[in-house]
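One-letter residues, chain by chain:
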4 protein chains.
Amino acid sequence: MSTYIHQVNYYECDRMGVTHHSNYIRFMEEARVARMEELGYGYAKMEEDGIVSPVMSVSCEYKKTTTFMDKIEIVVKAVEISALKVSFEYVMRVGKAVVCKGRTMHCFLKDGKPVVLEEHWPDFVRILKEEIDG
Amino acid sequence: MSTYIHQVNYYECDRMGVTHHSNYIRFMEEARVARMEELGYGYAKMEEDGIVSPVMSVSCEYKKTTTFMDKIEIVVKAVEISALKVSFEYVMRVGKAVVCKGRTMHCFLKDGKPVVLEEHWPDFVRILKEEIDG
Amino acid sequence: MSTYIHQVNYYECDRMGVTHHSNYIRFMEEARVARMEELGYGYAKMEEDGIVSPVMSVSCEYKKTTTFMDKIEIVVKAVEISALKVSFEYVMRVGKAVVCKGRTMHCFLKDGKPVVLEEHWPDFVRILKEEIDG
Amino acid sequence: MSTYIHQVNYYECDRMGVTHHSNYIRFMEEARVARMEELGYGYAKMEEDGIVSPVMSVSCEYKKTTTFMDKIEIVVKAVEISALKVSFEYVMRVGKAVVCKGRTMHCFLKDGKPVVLEEHWPDFVRILKEEIDG
């Protein structure tokens with residue numbers, strides 16, 4: 001599992017001088033996009049297969065503030081998979097300190113209807129199950 | 001308890017034509033700011049008292065998509081209060097349909113140190129407790 | 001010509017405590033959307049007619065800083081119209097002070113091809129010409 | 001002069017499926033921050049010297065659309081310098097195609113007062129003049 005790095009931009013910091021909390025939700029998306037790409041199920045593949053993947057829920061615990069120029073290292077890990085849904089966990093660090101922990105849940109739609117993952121993407125299910133168990 | 005309205009802007013919608021999920025975190029902040037103002041503990045009061053209020057955690061369940069021009073009605077309600085922390089819940093509707101439910105937890109800092117709410121803002125504690133019980 | 005109001009949100013302010021300069025470009029879009037609506041050429045009408053209107057250029061002069069809670073009053077005025085393009089000017093005020101002046105140029109596309117405004121929307125051309133001359 | 005790369009994020013694209021025009025203003029900031037760093041006048045240096053550098057104006061011509069995953073290569077070049085102000089130009093490319101051209105003007109403040117660049121940062125002036133003439 002590789003690490004995704006987001007270096008905090010000036011425009012992502014707020015009046016308190018720290019990264020605005022809403023931006024971590026975007027950093028999770030960036031890291032997830034990179035992770036899906038790495039797994040062979042990136043955006044091009046999804047588009048080719050006519051599949052979109054809405055976010056069903058998101059949660060985030062802010063442990064430490066970060067600021068402009070900080071390099072946030074994000075590790076994404078699949079933590080749950082069911083017939084229709086996948087959940088990922090995110091651990092974000094600056095140096096050794098954990099700055100944020102997050103979680104998202106996703107479904108997959110084709111022509112507006114839920115996709116049974118085992119049928120469409122059996123390899124994806126297998127890979128994620130290994131990641132969850134490993 | 002009044003209702004805060006956010007009308008979705010063009011630049012808040014994504015490639016799928018719907019409000020990007022990260023923006024709901026910002027809508028919660030907008031509604032919370034308005035609610036705190038209404039309670040008499042708005043930004044000017046906080047600044048005057050030298051208090052800042054970081055977000056400790058956030059969660060959000062996306063029930064239905066919204067899009068450009070939609071008027072999202074947001075009701076904020078205090079749901080938990082302890083010595084140092086307050087939690088709010090958010091219900092967002094377009095017309096009668098609930099589109100999103102969220103929750104945030106906050107602490108309060110003065111000179112970088114946690115504020116005991118009962119000592120600094122006893123009236124705030126009383127008002128929120130009534131809201132929670134009511 | 002009515003005035004569009006954008007109240008600055010917390011998340012729109014930066015480390016210097018002022019509205020980040022990129023956000024004014026978004027405020028212009030908000031004001032333009034409202035103005036087009038008012039003129040009878042709002043988003044629904046455009047979508048119905050199969051027309052999209054990309055921004056070709058934008059410019060912005062920052063006169064004074066604004067900050068959280070400021071109510072920015074924006075007046076949009078058409079200033080130039082040609083066969084294929086329209087330009088708008090924006091004056092933004094907080095109270096009596098001009099805080100920002102901007103300008104945008106737009107074309108109009110149908111099925112990816114430039115729309116000759118006089119043919120598709122003659123009334124729109126007439127209204128804008130009156131505004132420019134008036 | 002090195003090239004700054006911004007890969008377009010999902011959340012930066014709009015309903016038309018393309019990078020929202022306001023985001024290019026942010027990409028310019030990212031590239032300028034990197035360029036100032038490279039010149040030895042990065043954010044840490046500015047903070048150390050107690051100098052802030054507000055944007056006075058910005059302009060942007062959109063030549064071609066870009067979209068999710070596109071790698072935008074940005075070259076920043078100083079194009080004008082006076083006693084108190086500096087202007088930069090930005091050329092953004094995807095592959096060989098120019099997608100956007102921009103320009104920004106900046107002043108420099110210390111304790112809220114304009115900084116005479118020649119006095120505070122003579123080397124900075126020299127380097128930029130060489131870049132402009134070169």
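Everything here concerns the structure above.
Residues numbered from 1 in each chain as written. Chains lettered and ligands numbered in written order. Predicted model: local features only at pLDDT ≥ 70, side-chain atom pairs only at ≥ 80, totals over all residues. Heavy atoms only, no water.

### Quick word on the packing of aromatic side chains
According to the stated counting rule, one finds 40 aromatic pairs over all chains in the structure shown. Here Tyr10 of chain D and Phe68 of chain D contribute two aromatic rings whose centre-to-centre distance is 5.4 Å and whose plane-to-plane angle is 85 degrees, an arrangement assigned as edge-to-face. Of this pair, Tyr10 of chain D sits in the loop between strand E1 (4-7) and helix H1 (23-38) while Phe68 of chain D is found in the loop between strand E3 (55-62) and strand E4 (71-81), placing the two residues 58 residues apart along the sequence. By the ring-pair criterion, three or more aromatic residues cluster together here, those being Tyr41, Phe108, Trp121 and Phe124 of chain A. (Phe/Tyr/Trp six-rings, centres within 6.5 Å; stacked < 30°, edge-to-face > 60°. Helix = DSSP H or I, 4+ residues; strand = E, 2+ residues; numbered from the N terminus.)

### A few points about the environment of Gly17 of chain C
Relative to the elements of secondary structure, Gly17 of chain C occurs in the loop between strand E1 (4-7) and helix H1 (23-38). C-alpha separation for the pair Gly17 of chain C and Glu38 of chain C, spaced 21 residues apart in sequence, amounts to 34 Å. Apart from residues lying up to four places away in sequence, Gly17 of chain C is in contact with Arg15 of chain A together with Thr67 of chain C. (Contact = heavy atoms within 4.5 Å.)

### Side note on the sheet that holds strand E2 (residues 51-52) of chain C
Pairing between sheet strands relies on hydrogen bonds along the backbone, with the strands arranged either parallel or antiparallel. All names here are of chain C. The strand order across the open sheet formed by three strands is E2-E7-E8, and the pairing between neighbours is antiparallel. The sheet terminates laterally at E2 and strand E8 (113-114), the two strands that pair on one side only. As paired elements, strand E7 (residues 109-110) and E8 share two bridges and run antiparallel to each other. The residue of E8 that forms the bridge with Lys110 is Lys113. (Pairing = 2+ DSSP bridges.)

### Looking at the interface of chain B and chain D
Listed per partner, the contact involves ten residues of chain B and ten residues of chain D. Counting each side, the surface lost to burial between chain B and chain D is near 940 Å², with a carbon and sulfur contribution of 58%. Broken down residue by residue, the surface that chain B buries against chain D is led by Tyr10, Arg15 and His20 of chain B, which jointly contribute 62%. Considered class by class, the residues forming the side of chain B that touches chain D number five nonpolar, three polar and two charged. (Buried area = accessible area lost by both parts, 1.4 Å probe. Nonpolar A, V, L, I, M, F, W, Y, C, P; charged D, E, K, R; others polar.)

### Section: the relation of the copies chain A and chain B
With an RMSD of 0.0 Å, chain A superimposes on chain B once it is rotated by 180 degrees and translated 0.0 Å along the axis. On the angle and the small slide along the axis, the relation comes out as a two-fold axis. Ranked by how close their C-alpha atoms come to the rotation axis, the residues of chain A are headed by Ser59 of chain A, at 2.0 Å. In this assembly the copies share their binding face: 100% of the residues contributing to the interface of chain A also contribute to that of chain B. (Least-squares fit on C-alpha atoms with pLDDT ≥ 70 in both.)

### Quick word on the relation of the copies chain B and chain D
Between chain B and chain D, which share one sequence, the superposing operator has a rotation angle of 180 degrees and an axial displacement of 0.0 Å; the RMSD is 0.0 Å. With an isologous cut-off of 70% or more, the 100% of interface residues of chain B that recur at the interface of chain D puts this contact in the isologous class.

### As for unusual backbone geometry
Look at Asp111 of chain A: it is not a glycine, yet its phi comes out positive at around 50 degrees. Following the sequence through the fold, Asp111 of chain A ends up in the loop between strand E7 (109-110) and strand E8 (113-114). Its identity is not glycine, yet Met69 of chain D carries a phi of approximately 85 degrees, on the positive side. With respect to the helices and strands, Met69 of chain D occurs in the loop between E3 and E4.

### Points about empty space enclosed by the protein
Applying the stated criterion to the full structure yields one cavity of 30 Å³ or more. In this structure, the largest cavity encloses a volume near 400 Å³. Every residue lining the largest cavity is counted, 31 residues in all, and those nearest its centre are Arg26 of chain A, Arg26 of chain B, Asn23 and Arg26 of chain C together with Arg26 of chain D. Of the residues contributing to the lining of the largest cavity, the split by class is twelve nonpolar, eight polar and eleven charged. (1 Å grid on protein atoms, 1.4 Å probe; cavity = no way out; pocket = protein on both sides within 12 Å on 5 of 7 lines; lining within 4 Å. Points joined across faces, edges and corners; volume = space filled by probe spheres on them.)

These results come straight from atomic positions and should not be treated as a statement about function.
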